[in-house]
Amino acid sequence: GDSVTQMEGPVTLSEEAFLTINCTYTATGYPSLFWYVQYPGEGLQLLLKATKADDKGSNKGFEATYRKETTSFHLEKGSVQVSDSAVYFCALSRPGGQNFVFGPGTRLSVLP
Amino acid sequence: DTEVTQTPKHLVMGMTNKKSLKCEQHMGHRAMYWYKQKAKKPPELMFVYSYEKLSINESVPSRFSPECPNSSLLNLHLHALQPEDSALYLCASRPVGGLSNYEQYFGPGTRLTVT
């Protein structure tokens, strides 16, 4: 079945550091890929998405590129802020499908 | 309006109580979801409604009973819960149609504690 693997962390960085959170997936066909963020005490918010190979999703300084050849969708940000402290979930969805498959989540803590 | 609302925000209930969680969206989305999320874990799918009909039930115990009375509203009725059912319950909605892959829109969740 479909699955998503991501580094679980926790990841602790200093403010203005570079962030990479790795995400790889297993799925047949051409799934769409998503990054969701969950701040403490809140629901999940869509951070960015990509629906086909080589697409780059970007939002709020975060970026991720859909790499079909390596089945990856790594999340990057050039300079993190304390306000980026949250849990980040990588997820996939099949075209026409109803299910979302979530990775285990990566907890990020950014220290001032 | 791009918001999914959930009420109540917090709920404490005893094991013999009956309560309901409510979810509402006015984005015209015809797929609605219930998830259960335990601490430090990803959301775990419980139910999916598509066009107001139950399309996925992930073998959820019958003490959880979903209901979709119309295209904007989703309820989760709770009865005779166990302490291990304590969790954050998330509702989500999503457009449906063709082969397009739309994102899910999540509500803020209901924090449920079963005593």
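Residues numbered from 1 in each chain as written. Chains lettered and ligands numbered in written order. Predicted model: local features only at pLDDT ≥ 70, side-chain atom pairs only at ≥ 80, totals over all residues. Heavy atoms only, no water.

A. Representation of the interface of chain A and chain B within the structure. Counting residues at the interface gives 24 residues for chain A, matched by 27 residues for chain B. Taken over both partners, the interface formed by chain A and chain B buries close to 1800 Å², and the fraction arising from carbon and sulfur atoms is 50%. Here chain A and chain B share 1 salt bridge between them. A salt bridge links B:Glu103 to A:Lys49, with the nearest nitrogen and oxygen atoms 2.6 Å apart. The interface formed by chain A and chain B holds 7 residue pairs in polar contact (both at pLDDT 80 or more) in total. (Contact = heavy atoms within 4.5 Å. Buried area = accessible area lost by both parts, 1.4 Å probe. Salt bridge = Lys/Arg side-chain N within 4 Å of Asp/Glu carboxyl O. Polar contact = N/O pair within 3.5 Å; in protein donor to acceptor, adjacent residues only side chain to side chain.)

B. Molecular detail of the layout of surface pockets. By volume, the largest pocket is sized at about 450 Å³. Together, 24 residues line the largest pocket, and A:Gln38, A:Val87, A:Arg107, B:Ala39 and B:Lys40 are the ones closest to its centre. Looking at the lining of the largest pocket, the elements that each hand over two or more residues are strand S10 (86-93) and strand S12 (106-111) of chain A. Per-element accounting of the lining of the largest pocket gives the leading share, 4 residues, to S12(A). Within the lining of the largest pocket, the residues separate by chemical class into 10 nonpolar, 7 polar and 7 charged. (1 Å grid on protein atoms, 1.4 Å probe; cavity = no way out; pocket = protein on both sides within 12 Å on 5 of 7 lines; lining within 4 Å. Points joined across faces, edges and corners; volume = space filled by probe spheres on them. Helix = DSSP H or I, 4+ residues; strand = E, 2+ residues; numbered from the N terminus. Nonpolar A, V, L, I, M, F, W, Y, C, P; charged D, E, K, R; others polar.)

C. Main features of the nonpolar core. One finds A:Trp35, A:Leu48, A:Phe73, A:Leu75 and A:Tyr88 to be the most contacted residues of the largest nonpolar core, which totals 26 residues. It is S10(A) that contributes the most residues to this core, 4 residues altogether. (Core = buried A, V, L, I, M, F, W, Y, C linked by side-chain atoms within 4.5 Å. Buried < 20%, exposed > 50% of the residue type's maximum accessible area, 1.4 Å probe, protein only.)

D. Summary view of empty space enclosed by the protein. The tally for this structure, following the rule as stated, stands at 1 cavity of 30 Å³ or more. One number sums up the size of the largest cavity: a volume of about 30 Å³. Taken together, the residues of the lining of the largest cavity sort by class into 3 nonpolar, 3 polar and 2 charged.

E. Broad picture of the state of the cysteines. Residues and elements named next belong to chain B. In total, this model carries 2 disulfides over all chains according to the counting rule given. Through a disulfide, Cys-23 is tied to Cys-91; the S-S separation comes to 1.9 Å. Disulfide Cys-23-Cys-91: torsion about the S-S bond near -70 degrees, hence left-handed. Here Cys-91 lies in strand S9 (residues 87-94) and Cys-23 lies in strand S3 (residues 18-25), a separation of 68 residues in the sequence. The two residues Cys-23 and Cys-91 agree in class, both being buried. Between Cys-68, a free cysteine, and Cys-23, which holds the nearest cysteine sulfur, the sulfur-to-sulfur gap is 9.1 Å. Take Cys-68: its relative accessible area is 13%, and that puts it in the buried class. (Disulfide = S-S within 2.5 Å.)

F. Representation of the sheet that holds strand S7 (residues 64-70) of chain B in the model. All names here are of chain B. The strand order S1-S3-S8-S7 describes an open sheet built from 4 strands, whose pairing is antiparallel. Each edge of the open sheet carries a strand with a single partner, namely strand S1 (4-7) and S7. Taken pair by pair, the neighbouring strands of this sheet meet at an average axis angle of 20 degrees, ignoring direction. In this structure, S3 lies alongside strand S8 (residues 73-79), joined through 7 bridges in antiparallel fashion. The residue bridging Lys-18 from the neighbouring strand is His-79, located in S8. (Pairing = 2+ DSSP bridges. Axes fitted to C-alpha atoms, helices over the stretch in contact; angles between N-to-C directions.)

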